[in-house]
Amino acid sequence: MEDIIVNILEMLRRGETVDDAVLVKLVHAQAKLTGGDKRTFAKRRLLPFYQRIKREEPDRWRSWNVTSELERGLLSVIRMKPRRSASGVATITVITKPWPCGSDCLYCPNDVRMPKSYLHDEPACARAEQNRFDPYLQVATRLTALSQMGHATDKIELIILGGTWSDYPRDYQVWFVTELFRALNDDAVSGVAANPMLAEPGEDKGAVLASSSDVPTGVVERRAWYRACGIAADERELAEASAETQVAVDTGVCSYNRAVGRLYGKSTAWRRAAAVQTATLAELEHEQRSNETARHRVVGLVVETRPDAITPESLALIRHLGATKIQMGVQSTDQRILDINERGIPVERIAEAFSLLRAFGFKIHVHAMANLLGATPEDDERDYARLMRDSAYRPDEVKLYPCALIGSARLAERYRDGSWVPYTEEDLLDVLVEDVLATPAYCRISRMIRDFSSDDIVAGNKKPNLRQLVETRLAARSDDGAPVHPDVQEIRFREIGTRAVDVGDLRLDIVSYETENTAEFFLQWVCADGRIAGFLRLSLPDPVYIEAHAAELPVAAGEAMIREVHVYGMATCVGADGRAAQHLGLGRRLVERACSMARDAGYRRINVISAVGTREYYRHLGFEDHGLYQQRKL
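Here we summarise the structure given alongside this text. These figures come from a predicted structure and were not determined experimentally.

Helix length check: helix 18 (residues 377-389) (13 residues) gives 18 Å between terminal C-alpha atoms against 18 Å at 1.5 Å per residue, within 8%. The complete set of buried residues in helix 18 reads Pro377, Asp379, Asp380, Asp383, Tyr384, Ala385, Leu387 and Met388.

What follows is about the sheet that holds strand 6 (residues 397-402). The sheet built from seven strands is open, its strands ordered 1-2-3-4-5-6-8 with parallel pairing. On the outer flanks of this sheet lie strand 1 (90-95) and strand 8 (444-447), each paired with one strand and no other. Here the strands of the sheet are splayed against their neighbours by 25 degrees on average, with no regard to which way each runs. With six bridges connecting them, strand 5 (residues 363-370) and strand 6 associate as parallel partners. Bridge pairing in strand 6 places alanine 370 opposite proline 402. The strands that helix 18 touches are strand 4 (325-331), strand 5, strand 6 and strand 8; relative to strand 5, the one it contacts most, it runs at about 170 degrees.

Take the environment of glycine 218 next. Take glycine 218: it is sitting in helix 10 (residues 217-229). Between the C-alpha atoms of glycine 218 and tyrosine 136, which are 82 residues apart in sequence, the distance is 9.0 Å.

Considering all chains together, one arrives at three cavities of 30 Å³ or more under this definition. Looking at the largest cavity, its volume works out to about 90 Å³. Along the wall of the largest cavity there are 13 residues; nearest its centre are Gln331, Ala368, Met369, Asp383 and Tyr384. For the lining of the largest cavity, the elements supplying multiple residues, two or more each, are strand 4, strand 5 and helix 18. Broken down by element, the lining of the largest cavity gets its largest block of residues, four residues, from helix 18. Residues of the lining of the largest cavity, tallied by class, amount to seven nonpolar, three polar and three charged. Along the walls of the second largest cavity sit Trp99, Pro100, Cys101, Pro115, Lys116, Gly162, Gly163, Thr164, Asp167 and Tyr168, which together make up its complete lining. In terms of residue class, the lining of the second largest cavity is built from five nonpolar, three polar and two charged.

Turning to unusual backbone geometry, a few remarks are in order. In this structure, glutamine 331 takes a positive phi of about 70 degrees despite not being glycine. For glutamine 331, a relative accessible area of 9% gives the class buried. Although it is not a glycine, arginine 394 adopts a positive phi angle of roughly 55 degrees. Tracing the backbone shows arginine 394 in the loop between helix 18 and strand 6.

The rules behind these values
- Residues numbered from 1 in each chain as written.
- Predicted model: local features only at pLDDT ≥ 70, side-chain atom pairs only at ≥ 80, totals over all residues.
- Heavy atoms only, no water.
- Helix = DSSP H or I, 4+ residues; strand = E, 2+ residues; numbered from the N terminus.
- Expected span 1.5 Å × (residues − 1).
- Buried < 20%, exposed > 50% of the residue type's maximum accessible area, 1.4 Å probe, protein only.
- Pairing = 2+ DSSP bridges.
- Axes fitted to C-alpha atoms, helices over the stretch in contact; angles between N-to-C directions.
- Contact = heavy atoms within 4.5 Å.
- 1 Å grid on protein atoms, 1.4 Å probe; cavity = no way out; pocket = protein on both sides within 12 Å on 5 of 7 lines; lining within 4 Å.
- Points joined across faces, edges and corners; volume = space filled by probe spheres on them.
- Nonpolar A, V, L, I, M, F, W, Y, C, P; charged D, E, K, R; others polar.

Here is the structure:
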């Protein structure tokens, strides 16, 4: 392992390029030289090895003569999955415990080991189940993995998934978020010795973690407490305990909600755990204040819900918890399609949810589905175009999912009788290409597939590289052979990622559009080739709407709202030197321009829906804490 690290350092000193292809050759050469297993020298093991030597054997590390510049180059070579923090923020996804769902849509999977619509073998779900769905343990596990893959973890976006957030008891919601903050404030990162990536080929990764003494006390104690409660984390035990109930759900003998009530609501072990899964707002606020200056700061907090669960009361609590973005399952804006798929939500309620979310200042991240029962490719293209263009909707971000049939979904009956048929790959790609082209510059398509294993998908798209296929199709339609079709405006296609930025090459572009209750302005820093280096969402609420809903809103007439500020570049630690877009003052300049625009439009004050970990940043820009937001006089 040391020889590979030393060889990389020597190549970097000579100014040579070391990419993944070169790294593979170095690994193969070392394996051949030693006669060992190539997996012993895999890329995923190099960074933990380097970290361990630097921390535990400083004399050996110093003998490598690693300067700070050389170390940056080395880390860029051996860092795992650099895309994960290319947006400038490291993301941690956590899953809530299984809970009865207020809806029963045809297409929704019914895995009784998970919250509704999720599967136990999705990566985030598997981590959650191994950690007994405890938020503290989930954060600790993911924080450790990110740190040991070489990602900076001082800026964290927390994404809470698990169906409809507001279906859970209020006390559970407050406790869950409090524990997320507590884990970050405790710096609950296990040491390199506890990294399962260091397991030898064939060795049990879980055994490496369990046997290590390099694990924070809080993590050790929590795991022991859940074991004492009798809550299993072993895959075989979990599968055996739920097998009979899952069969009953799959065959229609038992509903998902009844099954979950039986497995968890009546379980002595889970009831014992539930008895302590409660916290006060005072405890939450204490952890939030600590996080304002913590090593791992929350710069974004996301919860997932349905349009019919969005009310002023639910949004007030969600905002108090520190949330800045809402993921909302829209699926379709065609009432006929919603009804056929038993969604149980009128399109008027969806439109109302959009208006409330904007009035509260939340970023709106919706789920949209193609190939639902009753839809045609032409229907899907019209539906998506309406979602993007109708002033009642116009989301900031979208997960664009083709319907994939999971055996436990009630849609399986329609598949067996032939009334639902998955699109051909050609038809599906045509729909997705048109959807991408219909997406405006202020909207980001974050995903095009669920994290379902192809083994779980009975029918529908099974290709994990679906987005790549769409991009290839778009490139083929480009007249000048460009890698991306020139008409593609959506944000993710245009992100600069890890590229360096020359401020002189940037220009400020402003995209304006209207919604039912706001005038929206999307301020974006763009390069000459259209790539995006940063953006801000400025919302100017309609005073008539604000006054009509004054009794239920936390904002007043005459107040503008900054709903999001984001600057791209590989996540680096707060205060670190660098040429990434985050370190060029682009965010501050966007904020100042937004304030000027709001003032010119006649607004007297401007709010920002800041995350807990960005409060200090906005205080330095002249904002003061004001209720659920931070505010600056104009």
